[in-house]
Amino acid sequence: MTSPQLEWTLQTLLEQLNEDELKSFKSLLRALPLEDVLQKAPWSEVEEADGKKLAEILINTSSENWIRSATVTVLEEMNLTELCKMAKSEMLGEKEGRRNSMQKQSLVWKNTFWQGDIDSFHDDVIRRHQRFIPFLNPRTPGKLTPYTVVLHGPAGVGKTTLAKKCMLDWTDCNLSPTVRYAFYLSCKELSRMGPCSFAELISKDWPELQDDIPSILAQAQRILFVVDGLDELKVPPGALIQDICGDWTQQKPVPVLLGSLLKRKMLPKATLLVTTRPRALRDLQLLVQQPIYIRVEGFLESDRRAYFLRHFGDEDQAMRAFELMRSNAALFQLGSAPAVCWIVCTTLKLQMEKGEDPAPTCLTSTGLFLRFLCSQFPQGAQLWGALRALSLLAAQGLWAQMSVLHREDLESAGVQESDLRLFLDRDILRQDRVSKGCYSFIHLSFQQFLTALFYALEKEEEEDRDGHAWDIGDVQKLLSREERLKNPDLIQVGHFLFGLANEKRVKELEATFGCRMSPEIKQELLRCKANLHANKPLSMTDLKEVLCCLYESQEEELAKVVVAPLKKISINLTNTSEMMHCSFSLKQCRDLEKVSLQVAKGVFLENYVDFEPDIEFERCSYVTLPSWAQQDLRSLRLWTDFCSLFSSNSNLKFLEVKQSFLSDSSVRILCDHITRSTCHLQKVEIKNVSPDTAYRDFCLAFIGKRTLTHLTLEGHIEWERTMLLLLCDLLRNHKCNLQYLRLGGHCATSEQWVDFFYVLKANQSLRHLHLSASVLLDEGAKLLYKTMTHPKHFLQMLSLQQCSITKRGCRYLSEALQEACSLTNLDLSLNQIARGLWILCQALENPNCNLKHLRLWSCSLMPFYCQHLGSALISNQKLETLDLGQNHLWKSGIIQLFRVLRQRTGSLKTLRLKTYETNLEIKKLLEEVKEKNPKLTIDCNASGATAPACCDFFC
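Everything numeric here is computed off the predicted structure, so don't read it as measured data.

Colleague: Hey, could you run me through the overall build of the protein in this one?
Modeller: Helix and strand counts for the protein come out as 44 helices and 21 strands. Taken across its 955 residues, the protein has 54% of its residues classed as buried. Here the analysis covers contacts within the protein between residues at least 6 apart in sequence; of these, 79% occur between residues at least 24 apart. Element-wise, carbon and sulfur atoms account for 50% of the exposed surface of the protein, whose accessible area totals about 42,000 Å².

So, in structure tokens, the structure goes:
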């Protein structure tokens, strides 16, 4: 058909439409993916055109193939049966076969795109992933068995688009010399079908091939089956692997047919391409054999940046909008979906055009989606009913775990298609042109936002919920852990619901749509979160969830009420979003006393990336900085805000930083807040932190910190001279009130220990010293002896766990204990002192020894030293606790010890050792000891593989 003939046919068809039908035709036409020339043409001309003029515009701006396909598609949508038949007859003719099937698949592929999408970006994403699909890659080595490829990824990142493009390439005659067939099986549509045969299943969209199905299926090696959206197939667990069959003529439920295909019982030589969201991967693993998994990531950061530049046109505006989206990690992650990028660009561009500040909009996803929704309609539009209908459908679909709704769903909810027309015209909702009668939202995240809106909207008194078949849980059920485990999509709904509790957002919604928000929703949210505190202490996962919800609300008063019961928290920061959430809520927690902090690798990058050492970062603009440096600057800005918590909350006394990957800059920022006079920390524990130089910076921050009484520094500490000098300055400072010092993992030299213990002698505040897992050696014990015997030293508790002390070191310690020193607690666990026990016994026999607690756990003690120990226990009147656990005292040693203890009542209250209770003599002696010493507790099972913590002993 030549162009004049096509124009005459198109004009004839359009002139038969009345005014309302022509208006609907234009509206549906606009929802199709328009060709470039028509897309750039002023749409006002189209809206004003009559049938004849519209035909002329389409002929001048679009290709013949597009006009033919689009006209037939729109007339089918309008259910104009006679005109549709005429269009097919006059415009498409009766051509069948391969060319028509390719055109049909091409239209299916193009209809995947949303209004506002740019084909070139889809092409880039498709090409990036398509090279990994083996059956389309000519370089892939031959394979005897057919391929099963699984495309998986979050919603909206292009899995369906990629799958449909694969169909097109599979059947492309330019790529394959033989005829090949591709069948598209949409699970969202198949979930509504009743029992049928496999032949009927694949021919329902190809009636022209019905007679050829047997011959086509006989060549299964030439067939590609695309099973799209397996997660949309709502079936009971195990339904896909039951009653599988290989007969494509046999009537079976659709899930059985799909299960038979995936298990390769049906057409085992066919090539399979499956798309799914991650939640269905576990079930899929039970079905497919030797699958190739390909994660579809959607837009990468470079894609998003290019998309913003293309959408805005103005580079400054584009980069400002892009940085605002990137400043919100959760929103930026959603931006891997092209539809979300389009929402962000559309919203922020409109704000900039109006001269508004777009920064507050991007603080939360709720704020962004709310502004997008309200910007599509004029204020005072009085669209409460339409918005209510849309949010109802969103909630119904989400609770049923469906992103696609059918006409039956509309009917069951009492929603008319006319109620949704405003949202269809604005691309918030889409009517699928492949799966007839199906509706889907612009993106899953927007469906979740609308579901939250369903709960937030005030319900009319006459609204009869029982009049329709709804299956939507209440707020308490929505926020329950059980429901979220069954349906993870509900988690984000809870976040949005807290976001809609914000007073400013409520006013914006009410002004735009003329609706009223529920006044009870905030109290209902508070009741649900209060239950978390009432049942048991918050787990780290629950705490993160609560903090995320409160941040989304941006309501400080709400945050104050929810976090008020918190006295201590343990938080593991894995990304910048969690940092923002903590900063917002914990600043409102005035009674917070303890923070236990862990920072995962990747939050700060400064010390963990390779970069050119000659880069002068001070002279770089933000845009010219390396991407890792830009990311680090954003992280440090948020970290600065988070660290202000320690200098602004006067009740915060205890900070623990453990297993953390910090950076030089982040450590300095934290130390800056610790040094401020408004910081009242009393107890600080730094354990296993990198970089190693962090310990030096912390020591510098603690010098002169009058409030600090307890300090722990453990890990791989870079024990160089600067670190030692700073630690000595800390102890020497006249403002030092340190009472507890714990140092672990130190490898100091003898000279360094000399300096340390010299300063320690002058310190009069220290009462507890722990040098666990440090290379102290016997020389260090000798230096420690001089410190302990200093007349102005008041050390009471000393732990030397695993410090490489031997018999020689015990001599120095024994001499110190006999010189009336103040030491009452001594822990020598994990030192191979062996024969040094009898030297320590000499100290125990001396009345000047003030020891009350002695711990010798795993010290290689031998049985024949038990006689010396027994004698010491007889004469000692002060020792209350003795730990001999994990020592092989054997039966002879235990018998000697028990014989001594049964003779008299001593000061000993707790004895820990491994006994042999099955031995009759030991059993009898044990009973006699308990009878003689009723206040003595004997722990006979102290043989654990690891030493208990020091605090468990010094109690």
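Colleague: What is the right way to read the pattern of salt bridges from this model?
Modeller: Opposite charge on two side chains lets them pair, provided their charged atoms get close. Tallied over the entire structure, the rule returns 35 salt bridges. The partner of E503 in a salt bridge is K522, and the shortest N-O contact between them spans 3.3 Å. Here the residue E503 occupies a position in helix α28 (residues 503-513), and K522 occupies one in helix α29 (residues 521-535), the gap between them amounting to 19 residues. Since its relative accessible area comes to 42%, E503 is described here as partly exposed. A cluster of three or more residues bridged by salt bridges with shared partners is formed by E301, R305, E323, R326 and R634.

Colleague: Explanation requested: the sheet that holds strand β5 (residues 292-295) in the structure shown.
Modeller: Each strand in a sheet pairs with its neighbour through backbone hydrogen bonds, running either in the same direction (parallel) or in the opposite one (antiparallel). The parallel open sheet is built from five strands, whose spatial order is β2-β3-β4-β1-β5. Edge positions in the open sheet fall to β2 (181-186) and β5, since each of these has one partner strand only. Averaged over all pairs of adjacent strands, the angle between strand axes in this sheet comes to 15°, irrespective of strand direction. Pairing of strand β1 (residues 148-152) with β5 involves four bridges; the strand directions are parallel.

Colleague: Could you clarify how one ought to interpret the side chain of S596 in this entry?
Modeller: Mapping S596 onto the fold places it in strand β10 (residues 594-599). The exposure class of S596 is buried, given its relative accessible area of 5%. Side chain to side chain, S596 and E656 meet in a polar contact 2.6 Å long. Leaving out residues up to four positions away in the same chain, S596 has contacts with I569, S570, I571, E656 and K658.

Colleague: Mind showing me how you'd approach the pairing of strand β13 (residues 710-714) here?
Modeller: Each regular strand carries side chains that alternate between the two faces of the sheet. Where burial is concerned, most of β13 is hidden: four out of the five residues are buried. In this sheet, β13 lies alongside strand β12 (residues 683-690) in parallel orientation, the contact comprising five bridges. Of the residues in β13, the one forming a bridge with I686 is L713. With helix α35 (residues 694-702) bridging β12 and its parallel neighbour β13, the resulting β-α-β unit is right-handed. Where β13 and strand β14 (residues 740-744) come together, five bridges link them in parallel fashion. Within β14, the residue paired with E714 across the bridge is G744.

Colleague: Looking at this structure, how should I read unusual backbone geometry?
Modeller: Backbone phi values are negative for most residues with the exception of glycine, while trans is the configuration of most peptide bonds. Omega for the bond connecting S690 with P691 falls within 30 degrees of zero, at 5°, which places this linkage in the cis form. For Q401, which is not a glycine, the phi torsion comes out positive at approximately 60°. Tracing the sequence through the fold places Q401 in the loop between α21 (384-399) and β6 (404-406). Q401 sits in the partly exposed class, given a relative accessible area of 23%.

Colleague: Even after reading the chapter, I still don't get the confidence of the model for the protein, so can you show me in this structure?
Modeller: For any part of a model where pLDDT is low, the fine detail of the predicted coordinates should not be relied upon. Residues at a pLDDT of 70 or more form 87% of the protein, whose mean pLDDT is 84. Low pLDDT (under 50) marks residues 611-623, which in the prediction has 15 contacts with non-local residues, meaning those over four places away or in another chain.

Colleague: Looking at this model, I keep getting lost on the packing of helix α20 (residues 365-375) against helix α24 (residues 444-456). Mind explaining?
Modeller: Helix-helix packing: each pair is described by the crossing angle between the helix axes and the interaxial distance. Packing of α20 against α24 brings their axes to within 11 Å, and their N-to-C directions diverge by 85°. Here α20 is positioned roughly perpendicular relative to α24, judged by the angle of their axes. Judged by residue contacts, T366, F369, L370, F372 and L373 of α20 engage S445, F446, F449 and L453 from α24. Of the residues that constitute the contact of α20 with α24, the class distribution is seven nonpolar, two polar and no charged.

Colleague: Help me understand the pairing of strand β4 (residues 271-276) in this model?
Modeller: The element β4 is largely enclosed, with a buried count of six among its six residues. On β4, burial covers both faces: T271, L273 and T275 on one face and L272, V274 and T276 on the other are all buried. Strand direction decides the pairing type here: β1 and β4, joined by five bridges, are parallel. For V149, the partnering residue across the bridge sits in β4 and is L273. In this structure, strand β3 (residues 223-228) lies alongside β4, joined through four bridges in parallel fashion. Within β4, the residue paired with F225 across the bridge is L272.

Colleague: What's the story with the sheet that holds strand β8 (residues 438-441) in this structure? I'm lost.
Modeller: The three strands are arranged β6-β8-β7 in an open sheet whose pairing can be described as antiparallel. The open sheet is flanked by β6 and β7 (429-431), the only strands paired with a single partner. Here the strands of the sheet are splayed against their neighbours by 30° on average, with no regard to which way each runs. Bridge count between β6 and β8: three bridges; the pairing is antiparallel. Bridge pairing in β8 places L405 opposite Y439. Seen against the sheet, α21 touches β6, β7 and β8 and runs at an angle of roughly 95° to β8.

Calculation criteria
Residues numbered from 1 in each chain as written. Predicted model: local features only at pLDDT ≥ 70, side-chain atom pairs only at ≥ 80, totals over all residues. Heavy atoms only, no water. Helix = DSSP H or I, 4+ residues; strand = E, 2+ residues; numbered from the N terminus. Buried < 20%, exposed > 50% of the residue type's maximum accessible area, 1.4 Å probe, protein only. Contact = heavy atoms within 4.5 Å. Areas by Shrake-Rupley, 256 points an atom, 1.4 Å probe, with all protein chains shown as cover. Salt bridge = Lys/Arg side-chain N within 4 Å of Asp/Glu carboxyl O. Pairing = 2+ DSSP bridges. Axes fitted to C-alpha atoms, helices over the stretch in contact; angles between N-to-C directions. Polar contact = N/O pair within 3.5 Å; in protein donor to acceptor, adjacent residues only side chain to side chain. Right-handed = clockwise from strand over helix to strand, strands pointing away. pLDDT = per-residue confidence, 0-100. Parallel < 35°, antiparallel > 145°, perpendicular 65-115°, else oblique. Nonpolar A, V, L, I, M, F, W, Y, C, P; charged D, E, K, R; others polar.

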